[in-house]
Amino acid sequence: MLDVKYLRENIDQVSQRLSLRGEKVDLSRFMEIEEHRRSLLVKGESLKSERNKVNDEIARLKKERGDTTGLISRMKGVSDEIKKIDGRISEISEELEGIVSFIPNIPHETVPAGMSDKDNIEVRKWGALPAFDFTPVDHADLGEKLGILDFARGAKLAGARFSLSVGAGAQLERALINFMLDLHTTEHGYTEVLPPFMVNSKTMTGTGQLPKFAADLFKVAETDYWLIPTAEVPVTNIYQDEIIEEEDLPIYRCAYTPCFRKEAGSYGKDTRGLIRQHQFNKIEMVKFTRPEESYRELEKLTDNAEEVLRRLGLPYRVVVLCTGDLGFSSAKTYDIEVWLPGQNSYREISSCSNYEDFQARRANIKYREKGKKGTRLVHTLNGSGLAVGRTAVAILENYQRADGSVEIPEALRAYMNGRTSIP
RNA sequence: GGAGAGAUGGCCGAGCCGGCUGAAGGCGCUCGCCUGCUAAGCGAGUGUAGGGGGUCAACUCCUACCGAGGGUUCGAAUCCCUCUCUCUCCGCCA
């Protein structure tokens, strides 16, 4: 959520920056309502001020057994008036809230302008693409032949976009989870957390999934619980409604969770294999930082995610998302794309974003500057480190051999009881 | 799921037969004084948010907030209702 005060004082500048997203945002209605809200606020507050003064007077008169009937009947009217104005204010605030919560974040000045993912810019590339002396197959075929992925039975259990991992397939995912968590906690300075996989509406709103993206989420019937689409949601909201001491910043958290997404609107896309599932495993890194440091921290965060791929020997590239492809809450995002021989293309495996104070304002996460009074909003960042299912896909496809077996990357063997290949 | 108790400022803890209580007292913290150092002692300060005024950082005034939301009342931390959470006991359960 953007700052209402900042918004009204920089209305032209903001709408110009937002137009780079290709998003049509009508800010005139916002200005109109905001002006109205403030004028009512002033009126209501001055009436309250009067009421408070007269109430003191009534209390004093009562003590002295004076006559208060005139004052009380006058205040009856004032009270009614206040009630009316407060009612109007809450109506208007609600509408205002509705408008503001649908306005996306302002792209950072270093974000390239562009309309779609075609305009994203590659910033670096790592690793040599594997050279096969046979035609590589995709992970779905490979996994089914190896008996480690069972899509038919996954669909039987739950439906389309669900799968069942078996034997070394299940072990591979578990190994990746442990490998990634160990790397981030022992070498990158993150503290591991294991959060709830369901959260309430307030928490979903704090990170920006609600109210705009309810259609992408699974909700548990007859409760206020939502299945998390990413660990970003519970982990960022750990500090919801809190004030952090400056010396505790930056805070690094990482978490393994399953993620649940409806994938509405992706019909016909990635219907094969593990690429796009309703449920998938992910390791997420989350940071809370001082505003001055957030962009430096974004670079480090992205590098932490890349390190996972380097250790696993998986070729990748990093792209910076253009203004038109940027997520709703993000000010700047790097996508890391891993090479998939089965698709002969790079596919997203991590998304690392700086939300600046957009989520912090919604979730009300602040910090107190040492030696200064007042509080400031923290900056929040997060990135996948990495999507586990897609990492498994990348390993199967990049490490496949002519006989249909798959080599296990060196770094992972200790996590798989020394196994060097599947089978 | 059933019965009961509770939720007050960074923390502890009064107030709860309605009216100078943003909130006693204590602890903590900050600044100053005192003191060879430390400790003790003395003095002052110490929440968040929104808004108005302003030679618009540091000034000033106002409003709101005692778990959340609603109600009664001229006036609610105090009375009533609903909800959430915590604790104790019972039941159930991995």
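In every chain, residue numbers begin from 1 and rise along the written sequence. Both sets of labels track the order of writing: A upward for chains, 1 upward for ligands. In view of the model being predicted, local features appear only for residues whose pLDDT reaches at least 70, and side-chain atom pairs are presented and counted only at 80 or more, with totals across whole chains, interfaces and linings using the full set of residues. Side-chain measures were taken over the full set of non-hydrogen atoms in the model, leaving aside hydrogen atoms and water.

Caption draft 1: View of the sheet that holds strand 8 (residues 251-260). Spatially, 1-10-11-12-15-9-8-4 is the arrangement adopted by the eight strands of the open sheet, whose pairing is mixed. Two strands close off the open sheet at either side, each with one partner strand: strand 1 (121-126) and strand 4 (191-193). Ignoring strand direction, the axes of neighbouring strands in this sheet form an average angle of 25 degrees. For two strands to be treated as a pair, DSSP must find no fewer than two bridges joining them. Only runs of H or I of at least four residues qualify as helices and only runs of E of at least two qualify as strands under DSSP, and these elements are numbered from the N terminus. Where strand 12 (residues 345-354) lies against strand 15 (residues 379-387), three bridges are found, and the strand directions are antiparallel. Helix axes use the C-alpha atoms of the stretch in contact, all axes being lines fitted to C-alpha atoms, and the angles between their N-to-C directions lie in the range 0 to 180 degrees.

Caption draft 2: The packing of helix 3 (residues 28-63) against helix 4 (residues 69-100), seen in detail. At their nearest, the axes of helix 3 and helix 4 sit 8 Å apart, and the two run at 150 degrees to each other. With respect to helix 4, the axis of helix 3 lies roughly antiparallel. Where helix 3 crosses over helix 4, the two elements pack in a sense that is left-handed. Side-chain classes follow a simple rule in which Ala, Val, Leu, Ile, Met, Phe, Trp, Tyr, Cys and Pro form the nonpolar group, Asp, Glu, Lys and Arg form the charged group, and the remainder, Gly included, forms the polar group. When its residues are assigned to classes, the contact of helix 3 with helix 4 shows 19 nonpolar, four polar and 13 charged. In these notes the angle categories are as follows: under 35 degrees is roughly parallel, over 145 is roughly antiparallel, 65 to 115 is roughly perpendicular, and the rest is oblique. In this scheme, a crossing is called left-handed if the near helix is turned counterclockwise away from the far one by less than a right angle; it is called right-handed if the turn is clockwise.

Caption draft 3: Examining the packing of aromatic side chains more closely. Planes of paired rings set the category: under 30 degrees apart is stacked, over 60 is edge-to-face and the rest tilted, where pairs are Phe, Tyr or Trp rings (Trp by its six-membered ring) whose centres lie within 6.5 Å. What the rule picks out here adds up to eight aromatic pairs. Taken together, a centroid distance of 5.7 Å and an interplanar angle of 80 degrees make the contact between Phe-328 and Phe-358 edge-to-face. Of this pair, Phe-328 sits in the loop between strand 10 (316-320) and strand 11 (332-340) while Phe-358 sits in helix 11 (residues 358-363), and the two are 30 residues apart along the sequence. No difference in accessibility class separates Phe-328 from Phe-358, as the two residues are buried. With a centroid separation of 5.1 Å and an interplanar angle of 70 degrees, the aromatic rings of Trp-339 and Tyr-346 are classed as edge-to-face. The rule is simple: take the accessible area with a 1.4 Å probe, protein chains only, and divide by the maximum for that residue type; under 20% is buried, over 50% is exposed, in between is partly exposed.

Caption draft 4: Main features of the pairing of strand 11. Counting buried residues in strand 11 gives nine out of nine residues, a clear majority hidden from the surface. Alternating positions in strand 11 separate into two faces, Lys-332, Tyr-334, Ile-336, Val-338 and Leu-340 on one and Thr-333, Asp-335, Glu-337 and Trp-339 on the other, with burial throughout. Here strand 10 pairs with strand 11 via five bridges, running antiparallel. By the bridge assignment for strand 11, Arg-317 is matched with Glu-337. Pairing of strand 11 with strand 12 involves nine bridges; the strand directions are antiparallel. Across the sheet, the residue bridging to Ile-336 is Ser-350, located in strand 12. Linking two consecutive strands that pair antiparallel, namely strand 11 and strand 12, is a turn of four residues; a positive phi of about 55 degrees is found at Asn-344 within it.

Note that all results are geometric; they support no functional claim without further evidence.
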